[in-house]
Every structure is written in structure tokens, then in C-alpha cells.
Amino acid sequence: VGGAAACSLALQYYASRYVGELALVQVRSPRRGRHPDLSRTTTKVRLSTMDFWGLRADKDVKVEALVVPLRDLTHEELATMAQQMFVPLEVVGMESHQYILSLRHGALKDKRRLFALLAGEPVEMPL
């Protein structure tokens, strides 16, 4: 029983770091006071992982809170990084946490925006 519990906790540690989906989202910023200004939105990055029970756990973070792993890399270094199994994605701020991205497996919906985000370049929201 103790071994099963230890194995479950170890798997949970990695499952909570592995990003299953990464998305750009618009989050409304309510104005202080009685009437929120619905036109004020900010772009955030939604990191989707799994919790202990296998349920989806979403965390929205500011784009500025990402320590981008592909910044200032040469073309050869980018090609090497893209071939790695996992790419670390650090989030700093109130709750610092390191996530793991897999660029080799899964479906990339918008490769250009993903690599721009991971390189620290400005990313516009799709229309």
C-alpha cells in the first residue's frame, strides 16, 4: 500500500507539470467600483495540466511571467531544441513553477504563434 501511494504521488508531481494544452486567452479586467469596464481585456497564457484525480487544471498566467526558453537562440539551436522530447517552461512571479512542454508530440494549431510566444516575441490574438 505504501509503494502504491508513493508511486501515485510521484506520478502526480509530473502530471501537474506536463502541459497538455497551451492557449492564448483574453481575460476581462474588471474596473474597481460598481460598474466593470468590459472593454478592458488582457492577454494571458492558459496552461492546462492534470490534478491528482486526472481532472483538467487550468492556470492563467501573464505573458510577462513566462521565462521563454527559445529567446536569443540561433537557427541551429532552435532546431535542436525542437527535437528534444521536453522543453522546460518557467513561470515566475507570485507562484513560481516549472512546466514541461512537448513540441514533438501532439497537435500544433498555430506553430508561428507558439514559437513567437516561446521566443519572447509579441503575439497578437487571432481574430
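(A) Structural detail: the overall build of the protein chain. Counting its secondary structure elements, the protein chain contains three helices and six strands. What you see in the protein chain, going N to C, is helices and strands ordered as α-β-β-β-β-α-β-β-α. Projected onto the principal axes, the alpha-carbon positions of the protein chain cover approximately 55 × 45 × 25 Å. Classification of the 127 residues of the protein chain by burial places 26% in the buried group. Across the protein chain, the fraction of contacts at a sequence separation of at least 24, relative to all contacts at a separation of at least 6, is 42%. When the accessible surface of the protein chain is totalled, it reaches about 9200 Å², and 57% of it is carbon and sulfur. Each charge sign in the protein chain was given a centre, from 17 positive and 14 negative side chains, and these centres are 8 Å apart.

(B) Expanded view of the nonpolar core. L47, L66, L89, V91 and L118 are the most contacted members of the largest nonpolar core, which has 19 residues in total. Among residues more than four places away in sequence, those in contact with L89 are L22, L47, L66, V67, P69, H97, Q98, Y99, L101 and L118.

(C) Up close: the environment of A15. Examined against the element boundaries, A15 turns out to sit in helix α1 (residues 2-15). Of the residues examined, A15 reaches a relative accessible area of 18% and is grouped as buried. C-alpha separation for the pair A15 and M50, spaced 35 residues apart in sequence, amounts to 5.7 Å. Filtering out sequence-adjacent residues up to four positions away, A15 remains in contact with T49 and M50.

(D) Representation of the pattern of salt bridges. A full pass over the atoms with the stated rule returns six salt bridges. Within the structure, one salt-bridge network assembled from shared partners comprises D110, R112, R113 and E124.

(E) Structural view of the confidence of the model for the protein chain. For the protein chain, per-residue confidence averages 83 on the pLDDT scale, and residues scoring 70 or more make up 91% of the total. Mean pLDDT per element in the protein chain: helix α2 (residues 75-83) is the minimum at 82, and strand β3 (residues 56-62) is the maximum at 92.

Cut-offs used in this document
Residues numbered from 1 in each chain as written. Predicted model: local features only at pLDDT ≥ 70, side-chain atom pairs only at ≥ 80, totals over all residues. Heavy atoms only, no water. Helix = DSSP H or I, 4+ residues; strand = E, 2+ residues; numbered from the N terminus. Buried < 20%, exposed > 50% of the residue type's maximum accessible area, 1.4 Å probe, protein only. Contact = heavy atoms within 4.5 Å. Areas by Shrake-Rupley, 256 points an atom, 1.4 Å probe, with all protein chains shown as cover. Lys, Arg positive; Asp, Glu negative; His and termini not counted. Charge placed at Lys NZ, Arg CZ, Asp CG, Glu CD. Core = buried A, V, L, I, M, F, W, Y, C linked by side-chain atoms within 4.5 Å. Salt bridge = Lys/Arg side-chain N within 4 Å of Asp/Glu carboxyl O. pLDDT = per-residue confidence, 0-100.

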